[in-house]
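# A look at the structure
Here is what each chain is made of, one letter per residue.
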Amino acid sequence: MTESIVLFGPPGAGKGTQAGRIVELTGKPQISTGDMLRAAVKAGSPMGLAAKEYMDAGLLVSDEVIIGLIEERLQNDDAGQGVLFDGFPRTIPQAESLEEIATVSSVISIEVPDDAIVDRIVGRRMDPETGEIYHVSFKPAPTEIQDRLVQRPDDTEETVRARLGAYHTQTAPLADWYSERGLLIRIDGDASIEQVGASVEEAIASIS
Ligand code: AP5
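Residues numbered from 1 in each chain as written. Predicted model: local features only at pLDDT ≥ 70, side-chain atom pairs only at ≥ 80, totals over all residues. Heavy atoms only, no water.

## A look at the site of the ligand
In the vicinity of the ligand lie 36 residues, with Thr17, Leu59, Arg90, Arg124 and Arg163 positioned nearest. Glycine 14 is positioned such that a nitrogen or oxygen atom in its backbone is 3.0 Å from an oxygen atom of the ligand. Here the ligand loses 96% of its free accessible area of 1100 Å² to cover by the protein chains. At the level of elements, α1 (15-26), α2 (33-43), α6 (114-122), β6 (133-135) and α9 (193-207) are the ones that each hand at least two residues to the shell around the ligand. It is α2 that provides the largest number of residues to the shell around the ligand, a total of 4 residues. (Near = heavy atom within 4 Å. Polar contact = N/O pair within 3.5 Å; in protein donor to acceptor, adjacent residues only side chain to side chain. Areas by Shrake-Rupley, 256 points an atom, 1.4 Å probe, with all protein chains shown as cover. Helix = DSSP H or I, 4+ residues; strand = E, 2+ residues; numbered from the N terminus.)

## Description of the packing of aromatic side chains
Counted by the stated rule, this structure contains 3 aromatic pairs. Judged by centre distance (6.3 Å) and plane angle (50 degrees), the ring pair of phenylalanine 8 and tyrosine 167 falls under tilted. Residue phenylalanine 8 is located in strand β1 (residues 4-8), and its partner tyrosine 167 is located in helix α7 (residues 157-171); the two are separated by 159 residues in the primary sequence. A relative accessible area of 3% means that phenylalanine 8 is categorised as buried. For the ring pair phenylalanine 85 and phenylalanine 88, a centre distance of 5.4 Å and an interplane angle of 55 degrees mean the geometry is tilted. With respect to burial, phenylalanine 85 and phenylalanine 88 carry one shared label: buried. Residue placement shows lysine 139 over the ring face of tyrosine 134; its charged tip is 5.5 Å from the ring centre. The ring centre of tryptophan 177 lies 3.6 Å from the NZ or CZ of arginine 181, which sits over that ring. (Phe/Tyr/Trp six-rings, centres within 6.5 Å; stacked < 30°, edge-to-face > 60°. Buried < 20%, exposed > 50% of the residue type's maximum accessible area, 1.4 Å probe, protein only. Lys NZ or Arg CZ within 6 Å of the ring centre and 35° of its normal.)

## Description of a negative patch on the surface
Together, Asp114, Asp115, Asp119, Asp188 and Asp190 line one region of the surface with negative charge. By the secondary structure assignment, aspartate 114 is in helix α6. (Patch = residues over 30% accessible without salt bridge, like charges linked within 9 Å, V, L, I, M, F, W, Y side chains within 5 Å. Salt bridge = Lys/Arg side-chain N within 4 Å of Asp/Glu carboxyl O. Lys, Arg positive; Asp, Glu negative; His and termini not counted. Charge placed at Lys NZ, Arg CZ, Asp CG, Glu CD.)

## Some thoughts on helix α5 (residues 92-101)
Structural remark: α-helix, 3.6 residues per turn; residues separated by three or four positions point the same way. Among the residues of α5, Gln94, Ala95 and Leu98 are the ones counted as buried. Seen along its axis, α5 keeps its buried residues to an arc of 95 degrees; they face one direction. Contact partners of the buried residues in α5: β1, α4 (63-73), β3 (84-86), β4 (104-111) and α8 (173-180). Where α5 begins, the capping side chain belongs to threonine 91, and its oxygen is found 3.1 Å from the backbone nitrogen of glutamine 94. (Arc of directions from axis to C-beta. Contact = heavy atoms within 4.5 Å.)

What follows is the structure, given as structure tokens:
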């Protein structure tokens, strides 16, 4: 299957949490534009420094920068059999550009109401050594690694509200855009991590 899958949903919906399961089931590599941007920020590249201002404010980085990153990443050998896009596309122009460079077979939309999002994001912690995502209440990390956990700079309540605003105005319209193309699979993300994982597995089984 050379087609790619899009993992879609608001900030904190659980895209990163569920991506590993889809990678295991499909063998497709995960491409997260958020992770790529954070790597550019860490490397201190001019693009990373410019992107950081938008990320810290909870705003979307420009379509031009994002599409450039994706075009470059799709040149890698591991992208030949299709990929799992996580957090991309996020605007209709991004989706239109993607149509020209890759074939999307399905869009898995993890749906979570805004009031659940804020708690999820403010309580998120990450293990910088393994990349594993935890939550102070919903997925506590083992005691022995708690000292090394980090919090993303954009995971404050104020920034989450800005990210949700950007999601509703610029990203949410893509659900209808993909639905009109018969590609959208909606999943109830307002459930436990295990229950959402089971729905993700069902979705993958239905398209394989
Ligand atoms: P990005 O890194 O993509 O952030 P995001 O979309 O806001 O998504 P998150 O990583 O916050 O959430 P997630 O859905 O992966 O949730 P997670 O699994 O971690 O983007 C960051 C920034 O980069 C953007 O704001 C923008 O500036 C820029 N950017 C990136 N891509 C862009 C693009 N294409 N165009 C323009 N700009 C772009 O889960 C969250 C927490 O909840 C965790 O603690 C987890 O343990 C917990 N959790 C997960 N599932 C559940 C559950 N079912 N029940 C309870 N808790 C749960």
